[in-house]
Amino acid sequence: MADKYKKLTQQFLCCYPVNKMDWSLLQLPLDLTEQKAVLDATCKHRLNRKYPVRWSYQEAFLKKLLVMLKGHEEVHDELFTTLLVDAPENISPYAYKHYIVRPDCKIVLKESISFVSEGTTGLCTWEASLALADYLLEHPDLVKDKNILELGAGTGLLGVLLKQPSLALGVRRVIMTDGSPSCVRLMRHNIRINFPNAKSKEEIEIPHCEQLLWETVEEFGYDDEDAINLVLAADVVYDNSVFNSLLRTFEYFYLKSNLKLHILLASTVRNIETLQKFSEQLQLYDYQVTPCANVPTSSSHFCRDSTAAVQIISIKGRDQT
Ligand SMILES: C[S@@+](CC[C@H](N)C(=O)[O-])C[C@H]1O[C@@H](n2cnc3c(N)ncnc32)[C@H](O)[C@@H]1O
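Since we're looking at a predicted model, the values are computed, not measured.

Engineer: Got a sec to walk through the pairing of strand 7 (residues 262–268)? Specific residues and values, please.
Structural biologist: Here is the key point about a regular strand: its side chains alternate between the two faces of the sheet. Of all seven residues making up strand 7, seven are buried, and the element is well covered by its neighbours. Residue alternation in strand 7 divides its side chains into two sets, His262, Leu264, Ala266 and Thr268 and Ile263, Leu265 and Ser267, and both sets are buried. With helix 9 (residues 243–256) bridging strand 6 (residues 230–234) and its parallel neighbour strand 7, the resulting β-α-β unit is right-handed. Pairing analysis gives seven bridges linking strand 7 to strand 9 (residues 310–317), with the strands arranged antiparallel.

The following block contains the structure:
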């Protein structure tokens, strides 16, 4: 029965918008056993019990389910008790999301329930990260044997994904960075919950996290032995005032890599003028810039809600192949 609702489980656990969920999976009318199975596949799922998704989402899901069951002769008591009894007394500013990439690859991230909090937009995972994650999973050669550094990593989805043992991507070092101390703290927490046995593992087997503010990139402790050869950045092009320091950061790592750096930049297309402005500034550097074919949401490894398009570009030195 659990398998029957696995799409619903995947969507529920990453808080896919309730009104866009695959409700056609429910063949109405549902008898009491089926109703209980839906509840067990969502609110009562073991992952949600351990690391619950935000309550307002669970509440919206249960209310929608009850609307669907309107007119049924019997409605399972547990639907009502879950709605009434499980409601937390205090709403925490943080909750969890689970990304079921494959049956053997499940990522859990603590995230803020607000888009902007503690002075940053990075405490929740954005669409551009999911799109870039899809792209990397479709093109594993891009990450194999690479020392990877991520800029503006937010909650740490990409780094945690790249080091998943079940994906066997053959990635070398992964360093996730962000300028916000709150993001760094959150990423460290997310590393701990996804790699619970980290202490017994080799350093290289887990992602690491450091603070890196683009304005002061020269102060970043760079280890020459592990030259970074791939830089990732998702949803970092939205504020004109930091374009200069972001581009100086690209250049810093490009020069450190002996001009052998590859940069993959994923940007959500919210405001085309902002992206154009960034592109003009990027053209002042001696890079070759190539657009990458994005992975459509229909074949995404995540439940992506494609409200806005995501553009991925590849940036390399002029003479790099
Ligand atoms: C919209 S969030 C994207 C987070 C993550 N990459 C994602 O897609 O989910 C932008 C991130 O860039 C970081 N950021 C913004 N300006 C920065 C700066 N000047 N230096 C370093 N990080 C910065 C923010 O703290 C935030 O985590």
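Engineer: Please set out the site of the ligand residue by residue, giving values where relevant.
Structural biologist: Neighbouring residues of the ligand: 21 residues in total, closest Trp126, Ser129, Gly152, Asp178 and Ala234. Take Thr120: an N or O atom from its side chain is 2.9 Å from an oxygen atom of the ligand. Here Ala234 contributes a backbone N or O atom positioned 2.8 Å from a nitrogen atom of the ligand. The fraction of the free accessible surface of the ligand (580 Å²) that becomes covered by protein chains is 93%. Of all the cavities here, the one that holds the ligand is the second largest pocket. A breakdown of the residues in the shell around the ligand according to their chemical character gives nine nonpolar, nine polar and three charged.

Engineer: Please provide a residue-by-residue account of helix 9, values included.
Structural biologist: Here helix 9 contains 14 residues, and its C-alpha end-to-end distance of 20 Å stays within 8% of the 20 Å for a straight helix at 1.5 Å per residue. Of all the positions in helix 9, only Phe243, Ser245, Leu246, Leu247, Thr249, Phe250, Tyr252, Phe253 and Tyr254 are classed as buried. For helix 9, the secondary structure elements touched by its buried residues are strand 3 (148–151), strand 6, strand 7, helix 10 (272–283), strand 8 (287–292) and strand 9. One or two positions beyond helix 9, positive phi appears at Asn258, with a value near 60 degrees.

Engineer: Could you give me a rundown of the layout of surface pockets, with the residues and numbers involved?
Structural biologist: Of the voids in this model, the largest pocket is the one considered here, and its volume is about 600 Å³. At four residues, strand 1 (residues 94–102) tops the list of elements feeding residues into the lining of the largest pocket. When residues of the lining of the largest pocket are assigned to domains, at least three fall in each of domain 1 (3–85) and domain 2 (116–317). The space that makes up the second largest pocket amounts to roughly 490 Å³. Every residue lining the second largest pocket is counted, 27 residues in all, and those nearest its centre are Thr120, Thr121, Asp178, Trp214 and Tyr238. Its residues assigned to classes, the lining of the second largest pocket shows 10 nonpolar, 11 polar and six charged.

Engineer: Can you explain the domain arrangement of the protein? Please cite residues and give values.
Structural biologist: Here the protein is partitioned into domain 1 (3–85) and domain 2 (116–317). With centres defined by C-alpha atoms, the gap from domain 1 to domain 2 works out at 34 Å. On the domain 2 side, the residues contacting the seven residues of domain 1 number six residues. Summed over both partners, the interface of domain 1 with domain 2 buries about 500 Å², with 62% contributed by carbon and sulfur atoms. On the surface where domain 1 and domain 2 come into contact, there are one salt bridge. Here domain 1 is connected to domain 2 by one residue pair in polar contact (both at pLDDT 80 or more).

Definitions and cut-offs
- Residues numbered from 1 in each chain as written.
- Predicted model: local features only at pLDDT ≥ 70, side-chain atom pairs only at ≥ 80, totals over all residues.
- Heavy atoms only, no water.
- Buried < 20%, exposed > 50% of the residue type's maximum accessible area, 1.4 Å probe, protein only.
- Helix = DSSP H or I, 4+ residues; strand = E, 2+ residues; numbered from the N terminus.
- Right-handed = clockwise from strand over helix to strand, strands pointing away.
- Pairing = 2+ DSSP bridges.
- Near = heavy atom within 4 Å.
- Polar contact = N/O pair within 3.5 Å; in protein donor to acceptor, adjacent residues only side chain to side chain.
- Areas by Shrake-Rupley, 256 points an atom, 1.4 Å probe, with all protein chains shown as cover.
- 1 Å grid on protein atoms, 1.4 Å probe; cavity = no way out; pocket = protein on both sides within 12 Å on 5 of 7 lines; lining within 4 Å.
- Sits in = over half its atoms within 2 Å of the grid points.
- Nonpolar A, V, L, I, M, F, W, Y, C, P; charged D, E, K, R; others polar.
- Expected span 1.5 Å × (residues − 1).
- Contact = heavy atoms within 4.5 Å.
- Points joined across faces, edges and corners; volume = space filled by probe spheres on them.
- Domains from an automatic or database assignment.
- Buried area = accessible area lost by both parts, 1.4 Å probe.
- Salt bridge = Lys/Arg side-chain N within 4 Å of Asp/Glu carboxyl O.

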